[in-house]
Amino acid sequence: MEILHSDDHIVVVNKPGGLLSVPGVGPHKQDCAMNRVRALFPESIDIPVVHRLDQATSGLLVFGISALAQRELSIQFAKRAVDKRYIAVLKGDVRGDSGEITLPTRLDIYNRPYQIYDPIHGKIGITEWGVLERKRGLTRVEFIPITGRTHQLRFHAAHKFGLGCPIVGDFLYGDAEDGAMLHLHAAYLQFRHPVTEEEMAFCSVPEF
């Protein structure tokens, strides 16, 4: 796990796909980005988590290793004051060049962690998107999530009311095999430093 920045208050990492952001249930699910940060920075608070990425998603994560930083960064994320941008490769030729997806989703309680479309009980997820490249039946897009629903980008890519083209390597919402590399990467993260108030921006180039 690559460390891109560290100081007395924050740590920014580049999480590889397949690594949990936070611990799961059971001893076999304790290796995660959060516990690696705590091991590398023993001065860290117990729960430095500010936001998460799906296990299969790679890219940028920021942790608040002081209590002040964790609290202030969490407020920025809650107020949607953080600029997050993702790169994805979709299986298919997306219609149009840009737009906004707004879909209500909720957990399928009979098939966790799968999310389903539910206009009655679902919570609204909003994603802005734009095409970057089309090549051999694939479409590279930039996603800007306005909200942070579970599996939001994966669902918005695959669902017929979204883009109708699943992300390459998605075994939940596409037809990939479990363990395939998900072509979804958190490529840009901009926020205000919780102590110095300096504007900070980080970029990460996906492997795909």
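Our subject is the structure that appears above.
Residues numbered from 1 in each chain as written. Predicted model: local features only at pLDDT ≥ 70, side-chain atom pairs only at ≥ 80, totals over all residues. Heavy atoms only, no water.

> Help me get a handle on the overall build of the protein, residues and values and all.
Scanning the protein for helices and strands turns up 3 helices and 10 strands. The C-alpha radius of gyration of the protein comes to 17 Å, within 12% of the 17 Å expected for a compact globule of 208 residues. If one aligns the C-alpha atoms of the protein with their principal axes, the spans along those axes are about 45 × 40 × 35 Å. Among the 208 residues that make up the protein, the fraction classed as buried is 46%. For the protein, restricting intrachain contacts to residue pairs at least 6 apart in sequence, the fraction spanning at least 24 positions comes to 58%. Carbon and sulfur atoms form 50% of the exposed surface of the protein, whose accessible area is close to 10,800 Å². Between the averaged position of the 23 positive side-chain charges in the protein and that of its 25 negative side-chain charges there is a distance of 6 Å. (Helix = DSSP H or I, 4+ residues; strand = E, 2+ residues; numbered from the N terminus. Rg over C-alpha atoms; globule rule 2.2 N^0.38 Å. Buried < 20%, exposed > 50% of the residue type's maximum accessible area, 1.4 Å probe, protein only. Contact = heavy atoms within 4.5 Å. Areas by Shrake-Rupley, 256 points an atom, 1.4 Å probe, with all protein chains shown as cover. Lys, Arg positive; Asp, Glu negative; His and termini not counted. Charge placed at Lys NZ, Arg CZ, Asp CG, Glu CD.)

> Describe the side chain of Asp-170, naming the residues involved and giving the relevant values.
Take Asp-170: it is sitting in the loop between helix H3 (152-158) and strand E9 (184-192). Exposure remark for Asp-170: the relative accessible area of 0% places this residue in the buried category. A polar contact is formed between the side chain of Asp-170 and the backbone nitrogen of Leu-172, at a distance of 2.9 Å. Those residues in contact with Asp-170 that lie beyond four places of it in its chain are Arg-154, Asp-175, Ala-176 and Leu-182. (Polar contact = N/O pair within 3.5 Å; in protein donor to acceptor, adjacent residues only side chain to side chain.)

> Could you give an account of the packing of aromatic side chains, naming the residues involved and the relevant values?
Tallied over the entire structure, the rule returns 4 aromatic pairs. Across from the ring centre of Phe-171, 5.9 Å away, lies the NZ or CZ of Arg-154, which sits over that ring. (Phe/Tyr/Trp six-rings, centres within 6.5 Å; stacked < 30°, edge-to-face > 60°. Lys NZ or Arg CZ within 6 Å of the ring centre and 35° of its normal.)

> Lay out helix H2 (residues 67-78) with the relevant residues and their values.
Between its terminal C-alpha atoms H2 stretches 16 Å, which fits the 16 Å expected from 12 residues at 1.5 Å a residue. All buried positions along H2 are accounted for by Ala-69, Gln-70, Leu-73, Gln-76 and Phe-77. All buried residues of H2 project into a common sector of 125 degrees when viewed along the axis, lining one side. Here the buried face of H2 lies against strand E2 (10-15), strand E3 (58-64), strand E4 (83-91) and E9. Following H2 by one or two positions, Arg-80 has its phi on the positive side, about 60 degrees. (Expected span 1.5 Å × (residues − 1). Arc of directions from axis to C-beta.)

> Could you give an account of the nonpolar core, naming the residues involved and the relevant values?
Burial of nonpolar side chains together is a common tendency in soluble globular proteins. Phe-63, Leu-90, Phe-143 and Leu-184 are the most contacted members of the largest nonpolar core, which has 35 residues in total. Elements with a contribution of two residues or more to this core: E2, helix H1 (33-40), E3, E4, strand E5 (98-107), strand E8 (138-145), H3 and E9. With 4 residues, H3 is the largest single contributor of residues to this core. Beyond its immediate sequence surroundings of up to four residues, Leu-184 is in contact with Thr-57, Ser-58, Tyr-86, Ile-87, Ala-88, Phe-143, Leu-153, Arg-154, Ile-167 and Phe-208. Grouped together as the second largest cluster of nonpolar side chains are 13 residues, Val-50, Leu-60, Ala-69 and Phe-77 included. (Core = buried A, V, L, I, M, F, W, Y, C linked by side-chain atoms within 4.5 Å.)

> Would you mind going over the side chain of Asn-14 in detail, with residue names and values included?
Of note, Asn-14 is situated in strand E2. A relative accessible area of 17% places Asn-14 in the buried class. Side chain to side chain, Asn-14 and Ser-204 meet in a polar contact 3.1 Å long. With residues near it in sequence (within four places) discarded, Asn-14 still touches Met-1, Glu-2, Leu-4, Gly-59, Leu-60, His-185 and Ser-204.

> Lay out the pattern of salt bridges in plain terms, naming residues and giving numbers.
Overall, the coordinates contain 11 salt bridges when judged by the stated rule. Through salt bridges that share partners, Asp-54, Arg-154 and Asp-170 make up one connected network. (Salt bridge = Lys/Arg side-chain N within 4 Å of Asp/Glu carboxyl O.)

> Account for H1, with residues named and values stated.
Those residues of H1 that fall on the buried side of the exposure criterion are Ala-33, Met-34 and Val-37. In a view along the axis of H1, the buried residues occupy a sector of 100 degrees, so they form one face of it. Contacts from the buried residues of H1 go to E2 and E3.

> Residue-level account of the pairing of E5, with values.
Strand direction decides the pairing type here: E5 and strand E7 (residues 123-135), joined by 8 bridges, are antiparallel. Within E7, the residue paired with Ile-101 across the bridge is Thr-127. Judged from the 3 bridges that link them, E5 and strand E6 (residues 115-117) form a sheet pairing that is antiparallel. Opposite Leu-107, over in E6, you have Gln-115 as the bridge partner. (Pairing = 2+ DSSP bridges.)

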